[in-house]
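Tertiary structure, described
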Amino acid sequence: YLAEHERKMQLTKEEFKNRLKRKLNDYYEEDIDTASTSELFAAISAIVRDGYAPQWRRTRIAETKQKEKQVYYFSIEFLPGTLLKSNLLNLGWLKTVREALSDLGLDLDKIAEYEPDMALGNGGLGRLAAAFMDSLASTGYTGNGNGIRYKYGLFKQKFVNGYQRELPNDWLKKEGHWEVRRESKSVLVRFGGKVNMVEDNGWLIPQYEGERVVRAVPYDVAVVGYQDGLTNTLRLWDAEIPPEEELNYPTISDRRRVEDLTSILYPDDSNYEGRLLRLKQEYFFVSAGLQSILDYYITKLGNKNFAQLSDYVAVHINDTHPAMAIAELMRLLVDEHRVDWDTAWNITQKVMSYTNHTIMAEAMEKWDVNMMSELLPRIMQIITEIDRRYCEGLKGRVSDAVIDRTRIIKNGQVQMAHLAIIGSHSVNGVAALHTQLLETEVLKDFYNLYPERFNNKTNGITLRRWLQIANPELSDLLDQTIGKEWRSDSNKMLNFEKYYHDTKVLNQLHEIKLDNKKKLAKFVKEQTGIEIDPTAIFDVQVKRMHAYKRQTLKLLHILKLYQDLKARIDHPKRVIIFGAKAAPSYVFAKQIIKVINETANMINNDPDIHGKLKVVFLENYNVSLAEKIIPAADISEQISTTTKEASGTSNMKLMANGALTVATMDGANIEIKDAVGEENIFTFGLNKDQVYKYYAEKSYHPRKMYEEDPVMKKAVDALIDGTVPNCSSEGQALVNNFLSDNEQFLVLADFEAYLKAQEKVEQTWAQKRIWQQMSLVNIAHSERFDSDKTIERYAQDIWHLKKLKIEKVD
Ligand code: 26W
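What counts and how
Residues numbered from 1 in each chain as written. Predicted model: local features only at pLDDT ≥ 70, side-chain atom pairs only at ≥ 80, totals over all residues. Axes fitted to C-alpha atoms, helices over the stretch in contact; angles between N-to-C directions. Helix = DSSP H or I, 4+ residues; strand = E, 2+ residues; numbered from the N terminus. Left-handed = near helix turned anticlockwise from the far one by under 90°. Contact = placed C-beta atoms within 7 Å. Near = placed C-beta within 6 Å. Nonpolar A, V, L, I, M, F, W, Y, C, P; charged D, E, K, R; others polar. Domains from an automatic or database assignment. Parallel < 35°, antiparallel > 145°, perpendicular 65-115°, else oblique. Pairing = 2+ DSSP bridges. UniProt positions renumbered as here; feature names shortened; annotations may be inferred. Buried ≥ 20, exposed ≤ 12 C-beta atoms within 10 Å, placed from the backbone. pLDDT = per-residue confidence, 0-100.

1. Regarding the packing of helix H3 (residues 37-66) against helix H4 (residues 84-91)
The packing of two helices is summarised by the inter-axis angle and the distance between the axes. With their axes 10 Å apart at the nearest point, H3 and H4 run at an angle of 40 degrees to one another. The two elements H3 and H4 cross, and the hand of that crossing is left-handed. Across from Ile44, Ser45, Val48, Gly51 and Tyr52 in H3, the residues of H4 making contact are Leu84, Asn87, Leu88 and Leu91.

So, in structure tokens, the structure goes:
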């Protein structure tokens, strides 16, 4: 067998060409030179699927044999991006396939472009979930993703007259899918109706009346681990009408209501809306996931003793969206498997763990009790009982005020974060500062009650995608200098620091960056018609559009630079590059987009500027676009109001690609500074105490700052004095916001410090060698944010997993 295994793993160019020929012939009766891009993509992806199939099977067999504990990562979003190149890389085939195609006169990158992004997520939270999937498989842990197979992914963004327009993202209509429909693993999920509790052998059993039954059908996507890693499963659920229930869904609109359940991904990032469909989605994937876990536990592991469940199963709740897993597991254990409440509760707490991703009050999920009672009557009863017991258990031990602040049901609402904390054994934040703020501010009462539950797990990124796939030139330079081990052991990247004084390497770094910038310049020209100079500073801010992320601060800096250039005050050439989607209902974010687009238009077409400043706002920022922008960045803008960005992850991707960070001391920026040292990052702005002081004392008076600082005033005024054209109402909205005492994100308070930081950027840019040295240090230290390391910490501290050993038999 081993020989067979080796042969499959070490695909030769010739073998690949043969397989490609065969697939094209079998599927389409085409030859390599007549096949279309979509056909080529479908054929190559089929070869890749054949390539990982044996390891996928072996992983499943090893799981049931070794019975190691498995984690199930419950997340309402997964944002893997495209999979062709990452699957090729992880199989060890990327180089071979690229070369084989090139022999045939074909370009892998062009074919790969055909693949639509699997964009089943909004931003950081979904991308993190995808990175964790990759890292679990690559580090040898059996981990399963559990989520929703949205028919439409995150909307496609277009700009029309500078305004954001949203188009549906119909990703499934293309060829070459990675998913496998597993109809035999379907389960039923119930909504609505009435519950009556009836006695059965001394046990109170719910009887349902008039409920609607939906069939959850899983689509499994292989998660291919790097090299000798496992091949795990990302299970995404689709909603269908159960065949035996067809008669209960007689009309098209009845049927559509079921299909709608998994039809769209909510496009809101950090803004909570208590919509019924969203509640349905949350319960749907949570219930389906838990049912399939228990099925597996009972049938495959042959275990009926649920007291041991936590020795075999960990369920992770990614933000509060899957927090109903706590009540649903209680329901399954108590109602369906007749485990007594106390035992069931004990099991549940041991199984569940929860990550918080935000301290923004408006993102905190709270469901209306009436809505939940109607849609999920039994779940609401169970949550009510959890809440009752929680309060009862604390009565007399802590003040009534504490109980009142921390209980689950309050003012007719279910506080999902409270449910998640009370029902879990672990609660973690996503960066050191964020966890500290959870402990001392946002979740202070809970921290006092259960300090042992709290822990930090700073986010990470998959360096495989962001270096090996997105930046092959830099990856080659690392190979040539420090050797290839960094590709599987990121600790080795620290050795790159040894080249700090190596002029040749520093020059190579410069050349690679220049090359990446040329490629991006070409892309920008094709997409927007805008010419940008690859020798300019490429200054990048890529992330969701949000007031707290302060793209507005960048905008004010742009206006200041523009005004300087108009007054013949010189600056080094700069290209500011934005990528950002706004939630469709987020009016202010959309206004910012319009103003930035109009500002860009004005500056890019002003002959007085002589191309010294360009502003490019690329449409439809997503994982694929990130792979083009990030390797070309000189500057990484991480300028959120301190305390507001839980972690950030674009900061990590950009540093790994040698961009220098301009940063507030927020989220993971602090840890980036710790890693690279103060002299290798441009920090500025209010610290957390200053921010909280403004809030506590209500002492923020931006109008005064504006009136006293002529530079600030001039930049702000440009938005309303006719300087920036075609957006007077949007410009006015921004200015009103900046000047309000209630402006929470303190944009003007950080303006001056931000300009100073940017002056330092300019001075450093003039010292090319120092810039390259700083860049080198950033690349070397990005190893700290390798998601493989993050996942090791989750596996050890929270989930208590052991690695699976794959036996080499088929
Ligand atoms: C209920 C509406 C809603 C939807 C999504 C609220 C909140 C969210 C997410 C928590 C938003 C999100 O993606 N948060 C980001 O998570 C990243 C991964 O931990 C962090 O790096 C970012 O700082 C955080 O904003």
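2. With respect to the site of the ligand
Looking at the ligand, there are 23 residues lining it, with Gly124, Leu125, His357, Ala363 and Ser647 nearest. In the shell around the ligand, the residues fall into six nonpolar, twelve polar and five charged. Two domains each provide a minimum of three residues to the shell around the ligand, namely domain 2 (67-82 + 117-459 + 793-799) and domain 3 (463-685 + 750-785).

3. Brief notes about the packing of helix H11 (residues 325-336) against helix H14 (residues 377-394)
Orientation of H11 relative to H14, taken along the N-to-C sense of each, is 100 degrees, at an axis distance of 9 Å. Classified by the interaxial angle, the pair formed by H11 and H14 is roughly perpendicular. Residues Ala327, Glu328, Met330 and Arg331 of H11 form the contact with H14, whose own contacting residues are Arg378, Ile379, Ile382, Ile383 and Ile386. Counted by class, the contact of H11 with H14 contains six nonpolar, no polar and three charged residues.

4. Details of the sheet that holds strand S21 (residues 574-579)
Strand order across the open sheet formed by six strands is S22-S21-S20-S23-S24-S25, with parallel pairing between neighbours. Where the open sheet ends on each side, the last strands, each with one partner, are strand S22 (613-618) and strand S25 (682-683). Here six bridges tie strand S20 (residues 537-542) to S21, and the two strands are oriented parallel to one another. Within the sheet, the bridge partner assigned to Phe538 lies in S21 and is Val575.

5. A short note on the domain arrangement of the chain
Accessible area lost during the coming together of the parts is what is often quoted as the interface size. By domain assignment, the chain separates into domain 1 (1-66 + 88-116), domain 2 (67-82 + 117-459 + 793-799) and domain 3 (463-685 + 750-785). Relative to domain 3, the C-alpha centre of domain 1 lies at a distance of 35 Å.

6. Things to note about the sheet that holds strand S17 (residues 413-415)
Here we have three strands laid out as an open sheet, ordered S15-S17-S16, and antiparallel in their pairing. Two strands in the sheet have a free side with no partner beyond their single neighbour: strand S15 (366-368) and strand S16 (409-410). Inspection of the sheet shows S15 paired to S17 by three bridges, in the antiparallel sense. Of the residues in S17, the one forming a bridge with Trp367 is Val414.

7. Observations concerning the UniProt feature "modified residue: N6-(pyridoxal phosphate)lysine" (unreviewed entry) in the chain
Here the UniProt-annotated "modified residue: N6-(pyridoxal phosphate)lysine" (unreviewed entry) positions come out as Lys653. By the element assignment, Lys653 lies in helix H25 (residues 650-656). Since 28 C-beta atoms lie within 10 Å of it, Lys653 is described here as buried.

8. What to know about the pairing of strand S12 (residues 231-240)
Taken across its ten residues, S12 has nine buried, putting it largely inside the fold. Examined bridge by bridge, strand S4 (residues 143-148) and S12 share five bridges and lie parallel to one another. By the bridge assignment for S12, Asn146 is matched with Arg235. Sheet topology note: the strand S11 (residues 212-224)/S12 ladder contains ten bridges and is antiparallel. Residue pairing across strands places Pro218 opposite Trp237, the latter belonging to S12.

9. Remarks on the confidence of the model for the chain
For any part of a model where pLDDT is low, the fine detail of the predicted coordinates should not be relied upon. When the pLDDT values of the chain are averaged, the result is 96; 98% of them are 70 or greater. Interface predicted TM-score (ipTM) for the complex: 0.97; the corresponding pTM is 0.97.

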